Amino acid sequence: MSRDTPDSDKAVHYLDHAASTPVRPVALEAMLPYLTTQYGNPSGAHRLARTANKAIDESRELMADLLGAQPGEVVFTGGGTEADNLAVFGTLTARPGRAVCSAVEHHAVIEPVESLGGSVIPVDHDGRIRFEALEPLLDDDVSLVSIMLANNETGMIQSLDVIAGMVREHAPQALLHTDAVQAFSWLDVADLGQVADLVSVSAHKFGGPQGVGALVVRNSAALAARAVGGGQERGRRSGTQNVAGIVAMAAAAQEMVNSRDVEVKRIRALRDRLLDGILCTVPGSLETGPRDLKTANIAHLCFEDIESESLLFLLEKADIYASAAASCSSGAMEPSHVLAAMGLSRQLGFGSLRLSLGYTTSEADIDAVLAVLPDAVKRLRDSEENRG
Ligand code: PLP
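Scoring rules and cut-offs
- Residues numbered from 1 in each chain as written.
- Predicted model: local features only at pLDDT ≥ 70, side-chain atom pairs only at ≥ 80, totals over all residues.
- Heavy atoms only, no water.
- Pairing = 2+ DSSP bridges.
- Helix = DSSP H or I, 4+ residues; strand = E, 2+ residues; numbered from the N terminus.
- Axes fitted to C-alpha atoms, helices over the stretch in contact; angles between N-to-C directions.
- Near = heavy atom within 4 Å.
- Polar contact = N/O pair within 3.5 Å; in protein donor to acceptor, adjacent residues only side chain to side chain.
- Nonpolar A, V, L, I, M, F, W, Y, C, P; charged D, E, K, R; others polar.
- Core = buried A, V, L, I, M, F, W, Y, C linked by side-chain atoms within 4.5 Å.
- Buried < 20%, exposed > 50% of the residue type's maximum accessible area, 1.4 Å probe, protein only.
- Contact = heavy atoms within 4.5 Å.

## Quick word on the sheet that holds strand β6 (residues 142–146)
- In spatial order, the strands read β3-β9-β8-β7-β6-β4-β5; together these seven strands make up an open sheet with mixed pairing. Every interior strand has two partners, whereas the edge strands, β3 (74–77) and β5 (119–121), have only one. Direction aside, neighbouring strands of the sheet carry axes that sit 20° apart on average.
- Both β3 and strand β9 (residues 213–217) contribute to a ladder of four bridges, which runs antiparallel. If you follow Thr-77 over to β9, its bridge partner there is Gly-213.

Listed below in structure tokens is the structure:
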């Protein structure tokens, strides 16, 4: 769907849902009372406080149900980064040892692991973990293995059940964490069952507001708090909870899960039409990794002989909003660590484009990209040739 931006009347074709997806109306409606009339602090004792506390309890129950967990296993956080940091630092503080993660993790995992001197596992050309590289790293000294369920740049899904089997066999003391921030909208995370001990999600990826998320901590998992003080979240994350954000996150998650099966089919068909249309009209374009191993919403491509920053500029001029890599690293002069880990050349890495679809995406958005992109790539290549 073409959406109106708040600061203009112009309709835009928003294809950056993996960065942030618009807040669902149902989430906005659910959170409003807690920003207006129901402003109590959930740790207090009076009626307004009890109302806020009850809203958190109900949201916790709902999130637990949707994530295949018990309510007491859900720790509300200030987003995906905090959930990932808590999983890595919290586990390693509770049980000092070694942390292991993949080379394609989000920075919110890879930086904590590297800062603790942990090991980084290489991936293959598709961005999937090399099992033969993981196995020798697993031993009794490993406290945590963190492998994302789906990648934020390419959408590539990891075989978490196989990885869990290897971890249980070769590093039985270790906890398995999965960053499911990108996966939750497209895969049944509740299905992970007992596969992962720790699971991170973030509301703004599925139609809740930015700055709120959750970490599922299986009951037996030892985790030291990062934020201490008031003892909220059973002492695992002190700080007054973001009541409105938590309520909105639960409402968004419920709507997302209820519509997920239908949406996955609809979005996959749109994504495939988009990719096929680009691949057959733009010479020198390449899809990164096999589509059937990816989440339904991400179209990730590399174009020879162009720089994605210039392409994004031309797309935005046509009111198409996309990104070149993880949004946080967009604009950086280094190609993404994910593409580098997959062995893509720097030249191709500089020409990467992520078009990510979401619940508001329509046929018109796909038509708009297909009408603009081939010409934009051609113009950039022509101007490069003229300059050369
Ligand atoms: N993990 C993944 C896979 C992500 O895609 C993101 C956000 O892009 C994060 C973690 C960080 O989440 P947040 O933006 O809520 O801090």
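## A closer look at the site of the ligand
- Residues in contact with the ligand amount to 13 residues; listed here are only the nearest, Thr-81, Asp-179, Gln-182, Ser-202 and Lys-205.
- Between an oxygen atom of the ligand and a main-chain N or O atom of Gly-80, the distance comes to 2.8 Å.
- For the ligand, an oxygen atom lies 2.6 Å from a polar atom in the side chain of Ser-202.
- Sorting elements by how many residues they give to the shell around the ligand places helix α3 (residues 80–94) first, with three residues.
- Here the residues of the shell around the ligand sort into two nonpolar, eight polar and three charged.

## Let's talk about the nonpolar core
- If you look at the biggest cluster of nonpolar residues, it comprises 54 residues, and the most contacted ones within it are Met-63, Phe-184 and Phe-206.
- The set of elements that each furnish at least two residues to this core consists of α1 (25–35), α2 (47–67), β3, β6, α6 (160–170), β8 (198–202), β9 and α7 (243–281).
- The biggest single contributor to this core is α7, with ten residues.
- Aside from chain neighbours lying at most four places away, what touches Met-63 is Val-74, Phe-76, Phe-184, Val-201, Phe-206, Met-249, Ala-250 and Ala-253.
- In terms of nonpolar packing, the next biggest core, distinct from the first, is built from 31 residues, Ile-306, Val-369, Leu-373 and Ala-376 among them.

## Notes on the pairing of strand β11 (residues 298–303)
- Burial analysis of β11 places six of its six residues in the buried class, which makes it a mostly covered element.
- Neither face of β11 is exposed, since Ile-298, His-300 and Cys-302 on one face and Ala-299, Leu-301 and Phe-303 on the opposite face are all buried.
- Where strand β10 (residues 285–287) meets β11, three bridges bridge the pair, whose relative direction is antiparallel. Paired with Ser-285 across the strands is Phe-303, a residue of β11.
- Bridging between β11 and strand β13 (residues 352–356) involves five bridges; their strand directions are antiparallel. Looking at β13, one finds that His-300 is bridged to Arg-354.

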